[in-house]
Amino acid sequence: MTVKVKKITARANKKTSFKKSKVFKIKKARGKVTFKKIKGKKKTKYDKKITISKTGKLAVKKGLKKGKTYTVQVKVTAAGSTNYKSKSKTVKLKIKVQW
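One structure accompanies this document, and this report is about it. Every chain is numbered independently, its residues counted from 1 as its sequence is written. In keeping with the predicted nature of the model, local features appear solely for residues at pLDDT of at least 70, side-chain atom pairs appear and are counted solely at 80 or more, and the whole-chain, interface and lining totals rest on all residues. The basis for the side-chain values is all heavy atoms of the structure; hydrogens and waters are excluded.

As a further point, take the sheet that holds strand 2 (residues 8-11). Pairing between two strands is assigned when DSSP locates at least 2 bridges connecting them. Helix numbering and strand numbering both begin at the N terminus, where a helix is a DSSP run of H or I of at least 4 residues and a strand a DSSP run of E of at least 2. Pairing is mixed in the open sheet, where 4 strands are placed in the order 2-9-8-5. Where the open sheet ends on each side, the last strands, each with one partner, are strand 2 and strand 5 (33-38). Across the sheet, the mean angle separating the axes of adjacent strands is 35° when strand polarity is ignored. Alignment of strand 2 against strand 9 (residues 87-98), held across 4 bridges, turns out to be parallel. Paired with R11 across the strands is Q98, a residue of strand 9. Think of each axis as a best-fit line through the C-alpha atoms, taken over the contacting stretch in the case of a helix, with angles from 0 to 180 degrees between the N-to-C directions.

Now the structure itself:
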């Protein structure tokens, strides 16, 4: 399984949502693909402002600082099948806030 992350630019003054296809490029995944945001050791203020669903939909809520870039780690898991084992990859997602 290969996972590539695309560049994301969000708005600061309103909630912005992105489909899975706008955020991730996934190849050779076997089985159902799920997503989970990984939290770091220390809790940040923007943890609640950036969310990702199990299906890969990214939501960026309003209130983040303009001109700043936020980094979020996402764990991408392919469930596998009877012939293939499950596989996981952790990727860093960078979100640039404008306006």
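Moving on from the model shown.
Below, the discussion takes up the sheet that holds strand 7 (residues 58-60). Strand order in this open sheet of 3 strands is 3-7-6, and the pairing throughout is antiparallel. What marks the edges here is a single partner per strand, and that holds for strand 3 (16-18) and strand 6 (50-52). When strand polarity is set aside, the average angle formed by the axes of neighbouring strands in this sheet is 15°. Across 3 bridges, the pairing between strand 3 and strand 7 is antiparallel. Looking at strand 7, one finds that F18 is bridged to L58.

A word on the nonpolar core. Nonpolar core, defined: a set of buried Ala, Val, Leu, Ile, Met, Phe, Trp, Tyr and Cys residues in which side-chain atoms within 4.5 Å join the residues together. Partly exposed residues are those whose accessible area sits between 20% and 50% of the maximum for their type, while under 20% is buried and over 50% is exposed, using a 1.4 Å probe and protein chains only. With 24 residues, the main nonpolar core has F24, L58, V74, V76 and I95 as its most contacted residues. Elements that contribute at least two residues to this core include exactly strand 2, strand 5, strand 6, strand 7, strand 8 (69-78) and strand 9. Sort the elements by how many residues they give to this core and strand 8 lands first, with 5 residues.

Turning our eyes to something else, we now look at unusual backbone geometry. Non-glycine residue K28 carries a positive phi angle of around 60°. One can find K28 in the loop between strand 4 (24-27) and strand 5. Accessibility expressed as a relative area gives 69% for K28, which makes it exposed.

Mapped onto the secondary structure, D47 falls in the loop between strand 5 and strand 6. For D47, a relative accessible area of 16% gives the class buried. If we ignore the near neighbours within four places in the chain, the residues touching D47 are K37 and K39. Two residues form a contact once any of their heavy atoms are found within 4.5 Å.

Moving on to the pattern of salt bridges. Only one rule defines a salt bridge in this text: a Lys or Arg side-chain nitrogen within 4 Å of an Asp or Glu carboxyl oxygen. As enumerated under the stated definition, the model contains 1 salt bridge in all. Two residues, D47 and K37, come together in a salt bridge whose shortest N-O distance is 4.0 Å. With D47 in the loop between strand 5 and strand 6 and K37 in strand 5, this residue pair connects regions lying 10 residues apart in the sequence. As far as the burial class goes, D47 and K37 line up, both buried.

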